[in-house]
Amino acid sequence: MSSTIRVIVTGASGRMGKEVIKAVSGAEGMRVVGAVDMRGAGQDAGLLAAIGPLGIPVRPDLSEVIDDSAPDVMVDFTVADAAVSNMMTAIEKGVRFVVGTSGIPAASCERIVRAASDRGVGGVIVPNFAIGAVLMMRFARMAAKYMPSCEIVELHHDGKVDFPSGTARATAVDVASARSDWNPSARPGASGRGVSVEGVPIHSVRLPGLVAHQEVIFGGQGQVLTIRHDSMGRDSFMPGVLLAVRRVITLDRVITGLDPLLD
């Protein structure tokens, strides 16, 4: 592998895909070498990202793009079914991956982890690339040891189709695991007030004007603690994406979440 990390972007025509192309193109030590999407096929990836032509056309076939561009890392922001298929293709071809696509079923993640382990391919699957959101989850895990009564409110733009968000689900698991009476085999579903994940109620809001926001609210005797994170634009996710691209090069297995990469 050269000193420059060669990156392909799947979901290149989407809002997050364009941000990734822009961020990688402006980052030291990495370069976009391929772009994959069913939409926008034939268009220049740089023009789609509004950064000027890169000479890299968007193409619909991931396998062909990998063969032609010899990437080190695939960055995926698509939809759940496509992301699973893209990861399997990357694993088969020995390409490390960074995935921010939400709504991937747990069973599919487990299958990806096994396949990557068998092939010694590193990967990072992250519900939220905003470093502030990762710190929010870490602080919530700390607070849950002392204030176990908790509910989560997650708010996203009206184009987000999955709910609760991956960040909210991951936060609920973190909160539940910090409780002294946590029983991981008890996984209640609908609570009547949103959805319950590991016994933690989650409330989802989808409205135009929002981007990505979450409140973790702890209640105790005579007090309330609220930990909140707000992403005001999609560029807030890019430092985390670039961090993951740089760190995945050193991995031979799949990790979930950005938190382990911050230490």
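Residues numbered from 1 in each chain as written. Predicted model: local features only at pLDDT ≥ 70, side-chain atom pairs only at ≥ 80, totals over all residues. Heavy atoms only, no water.

> Explain the nonpolar core to me, please; I cannot follow it from the model alone.
Side chains that are nonpolar tend, in soluble globular proteins, to be buried together. Residues Val75, Phe129, Phe218 and Val245 are the most contacted members of the largest nonpolar core, which totals 61 residues. Per element, the largest residue contribution to this core is seven residues, and it comes from helix H6 (residues 131-144). Among all residues touching Val245, those that are not within four sequence positions of it are Ile5, Val7, Met30, Val73, Val75 and Val98. Counting 24 residues, the second largest nonpolar core, distinct from the first, contains Val36, Ile66, Val84 and Phe97. (Core = buried A, V, L, I, M, F, W, Y, C linked by side-chain atoms within 4.5 Å. Buried < 20%, exposed > 50% of the residue type's maximum accessible area, 1.4 Å probe, protein only. Helix = DSSP H or I, 4+ residues; strand = E, 2+ residues; numbered from the N terminus. Contact = heavy atoms within 4.5 Å.)

> What is the right way to read helix H5 (residues 106-119) from this model?
For an α-helix, the turn length of 3.6 residues means that residues three or four places apart are oriented alike. Between the first and last C-alpha of H5 there are 20 Å, a value that for 14 residues agrees with the 20 Å anticipated at 1.5 Å per step. For H5, the full list of buried residues reads Ser108, Cys109, Ile112, Ala115 and Ala116. One side of H5 holds all its buried residues, which, seen down the axis, span an arc of 130°. Turned more than 90 degrees away from the buried face of H5 sit Ala106, Ala107 and Asp118, all of them exposed. For H5, the elements touching its buried residues are helix H4 (80-92), strand E5 (96-99), strand E6 (123-125) and strand E12 (254-256). Positive backbone phi, approximately 70°, marks Gly120, located one or two places after H5. (Expected span 1.5 Å × (residues − 1). Arc of directions from axis to C-beta.)

> I would appreciate a short explanation of the confidence of the model for the chain in the present structure.
Should pLDDT be low for a region, the predicted coordinates there are not to be read in detail. Mean pLDDT over the chain works out to 91, with 94% of the residues at or above the 70 mark. When the criterion is pLDDT under 50, residues 186-192 qualifies, and its contacts beyond four places in sequence or with other chains add up to eight contacts. (pLDDT = per-residue confidence, 0-100.)

> Looking at this model, I keep getting lost on the packing of aromatic side chains. Mind explaining?
What characterises a pair of aromatic rings is the spacing of the ring centres plus the angle enclosed by the ring planes. A full pass over the atoms with the stated rule returns one aromatic pair. A ring pair is formed by Phe77 and Phe129, whose centres lie 5.7 Å apart and whose planes are at 55°; its orientation type is tilted. Taken together, the residues Phe77 in the loop between strand E4 (73-76) and H4 and Phe129 in the loop between E6 and H6 connect sequence positions 52 residues apart. In this structure, Phe77 and Phe129 share a single accessibility class: buried. (Phe/Tyr/Trp six-rings, centres within 6.5 Å; stacked < 30°, edge-to-face > 60°.)

> Honestly, the pairing of E5 in this entry has me stumped. Any pointers?
Within a regular strand, the side chains alternate between the two sheet faces. The pairing of E4 with E5 spans four bridges and is parallel. Note on E5: the bridge partner recorded for Asp76 is Val99. Traced from E4 through H4 to E5, the parallel crossover comes out right-handed. Inspection of the sheet shows E5 paired to E6 by three bridges, in the parallel sense. Within E6, the residue paired with Val98 across the bridge is Val124. The parallel pair E5 and E6 is bridged by H5, and the resulting crossover is right-handed. (Pairing = 2+ DSSP bridges. Right-handed = clockwise from strand over helix to strand, strands pointing away.)

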